[in-house]
Amino acid sequence: MTIETQNLSERPARPAMLRGWRRKCPKCGAGDLFDGFLKVRDDCPVCHEEFHHQRADDGPAYLTILIVGHILGFAIHISFTQLRPDPLVLASVLSVLSVALALYLLPRIKGAFVGLQWAKRMHGFGLREKLQSQEG
């Protein structure tokens, strides 16, 4: 492993994913990652890291559905066996809970996906640095 390759592989995934979870730039942690609710910016307003490479696609939605489904499945089981609420009340409360939980989790999971892609240099992240190291 050469020095250039070693330097290119030193992006820890955990801090990048945590910054993405907070909806901040995975590189600097200061700039906003999103321009709106789920639209990823083309670049960071602070450090100018490019984000147009990201390909989160359907991954965050699938993971959000998986998490919300498991939480609500557990909630339905506990509430129906222990509390025995009226079915209409149970459906109303859990519908509101599922929408609120999905709206909370979806942008955070998408930010974590973008942070992971940035850390692992997937889909063109870090291409500029690789080209600069090959030139120099």
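Before reading on, note that the structure itself is shown above.
Parameters and conventions
- Residues numbered from 1 in each chain as written.
- Predicted model: local features only at pLDDT ≥ 70, side-chain atom pairs only at ≥ 80, totals over all residues.
- Heavy atoms only, no water.
- Salt bridge = Lys/Arg side-chain N within 4 Å of Asp/Glu carboxyl O.
- Buried < 20%, exposed > 50% of the residue type's maximum accessible area, 1.4 Å probe, protein only.
- Helix = DSSP H or I, 4+ residues; strand = E, 2+ residues; numbered from the N terminus.
- Arc of directions from axis to C-beta.
- Contact = heavy atoms within 4.5 Å.
- Core = buried A, V, L, I, M, F, W, Y, C linked by side-chain atoms within 4.5 Å.

A. Spatial organisation of the pattern of salt bridges. Considering all chains together, one arrives at two salt bridges under this definition. Across the pair Asp32 and Lys24 runs a salt bridge whose closest N-O atoms are separated by 2.9 Å. Residue Asp32 is classed as partly exposed on the basis of its relative accessible area, which comes to 34%.

B. Helix H2 (residues 13-21), seen in detail. Listing the buried residues of H2 in full gives Ala13, Ala16 and Gly20. Projected down its long axis, H2 shows its buried positions confined to an angular sector of 70 degrees, all on one face. Where the residues of H2 are buried, they touch helix H4 (87-119). Positive phi shows up at Arg23, right after H2, with a value of about 65 degrees.

C. Inspection of the nonpolar core at higher detail. Listed in full, the 12 residues of the largest apolar core are Ala13, Ala16, Cys25, Leu33, Phe34, Val40, Cys44, Phe51, Val114, Trp118, Ala119 and Phe125. Of all the secondary-structure elements, those providing two or more residues to this core are H2 and H4. With three residues, H4 is the single largest residue contributor to this core. Ignoring anything within four residues of it in the chain, the contact list for Val40 reads Leu33, Phe34, Phe51, Gln54, Lys110 and Val114. Ranked by size, the runner-up nonpolar core spans seven residues in total, among them Val68, Leu72, Leu94 and Ile109.

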